[in-house]
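Given next are the chains, with one letter for each unit.
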Amino acid sequence: QVQLAESGGGLVQTGGSLRLSCLASGFTFSITVMGWYRQAPGKQRELVASIGSGGSTNYADSVKGRFTISRDNAKNTVYLQMNSLKAEDTAVYCCDTNKGWINYWGQGTQVTVSS
């Protein structure tokens, strides 16, 4: 079955950096679009970034120029490099994909940015 396991979250000060990882299994990773979503307390889940099978990327306006999504198909892993972190980036970050008509996401990793 599809499994997505995120890691790399933590507590960081404003302006700091973190790199999140998501190890995927249960589907053909190399041909699948992967995304990173986040949800802050009291807010809706929002798409942070996505990456296509060919490496094309898409970012939310709020993270453009600060975050970079990448993938390593040999490792079935998608990454989210987060630089210049702000307090408003505090959220649970989950990786996300679709297999057929079903949407899957992991349990998430907490990112807390202290000001």
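Residues numbered from 1 in each chain as written. Predicted model: local features only at pLDDT ≥ 70, side-chain atom pairs only at ≥ 80, totals over all residues. Heavy atoms only, no water.

**A short note on the overall build of the chain**
A tally of regular secondary structure across the chain gives zero helices and eleven strands. In sequence order, the chain lays out its α and β elements as β-β-β-β-β-β-β-β-β-β-β. Against the compact-globule benchmark of 13 Å for 115 residues, the chain has a radius of gyration of 13 Å, which places it among compact chains. In terms of its C-alpha atoms, the chain occupies a principal-axis envelope of roughly 40 × 25 × 20 Å. (Helix = DSSP H or I, 4+ residues; strand = E, 2+ residues; numbered from the N terminus. Rg over C-alpha atoms; globule rule 2.2 N^0.38 Å.)

**Here's the deal with the pattern of salt bridges**
All chains considered together, the criterion is met by five salt bridges. Across the salt bridge formed by Asp96 and Arg45, the nearest N and O atoms sit 2.8 Å from each other. Placement of the pair is Asp96 in strand S9 (residues 91–99) and Arg45 in the loop between strand S4 (34–39) and strand S5 (46–51), with a sequence separation of 51 residues. Note that Arg66 and Asp89 form a salt bridge whose closest N and O atoms lie 2.7 Å from each other. Highlighted residues: Arg66 in the loop between strand S6 (57–59) and strand S7 (67–72) and Asp89 in the loop between strand S8 (77–82) and S9, separated in sequence by 23 residues. (Salt bridge = Lys/Arg side-chain N within 4 Å of Asp/Glu carboxyl O.)

**Observations concerning the packing of aromatic side chains**
Tallying each qualifying case throughout the model produces one aromatic pair. A ring pair is formed by Phe27 and Phe29, whose centres lie 6.3 Å apart and whose planes are at 45°; its orientation type is tilted. Neither Phe27 nor Phe29 differs from the other in exposure class; each is buried. Stacked on the ring of Trp105, the Lys or Arg Arg45 has its end atom at 4.8 Å from the ring centre. Residue placement shows Arg71 over the ring face of Phe29; its charged tip is 4.5 Å from the ring centre. (Phe/Tyr/Trp six-rings, centres within 6.5 Å; stacked < 30°, edge-to-face > 60°. Buried < 20%, exposed > 50% of the residue type's maximum accessible area, 1.4 Å probe, protein only. Lys NZ or Arg CZ within 6 Å of the ring centre and 35° of its normal.)

**Focus on the sheet that holds S8**
As a general point, the strands of a sheet are linked pairwise by backbone hydrogen bonds and lie either parallel or antiparallel. If you walk across this open sheet you meet the four strands as S1-S3-S8-S7, and the pairing is antiparallel. Strands with a single pairing partner mark the edges of an open sheet, and in this sheet they are strand S1 (3–7) and S7. Neighbour-to-neighbour, the strand axes of this sheet turn through a mean angle of 15°, independent of strand direction. Sheet topology note: the strand S3 (residues 18–25)/S8 ladder contains six bridges and is antiparallel. Counted as the bridge partner of Leu18 is Met82 from S8. (Pairing = 2+ DSSP bridges. Axes fitted to C-alpha atoms, helices over the stretch in contact; angles between N-to-C directions.)

**Examining the pairing of S1**
With burial as the criterion, only one face of S1 is covered, namely that bearing Leu4 and Glu6; the residues Gln3, Ala5 and Ser7 on the opposite face remain uncovered. With five bridges joining them, S1 and S3 adopt antiparallel strand pairing. Note that in S3 the partner of Ala5 across the bridge is Leu23.

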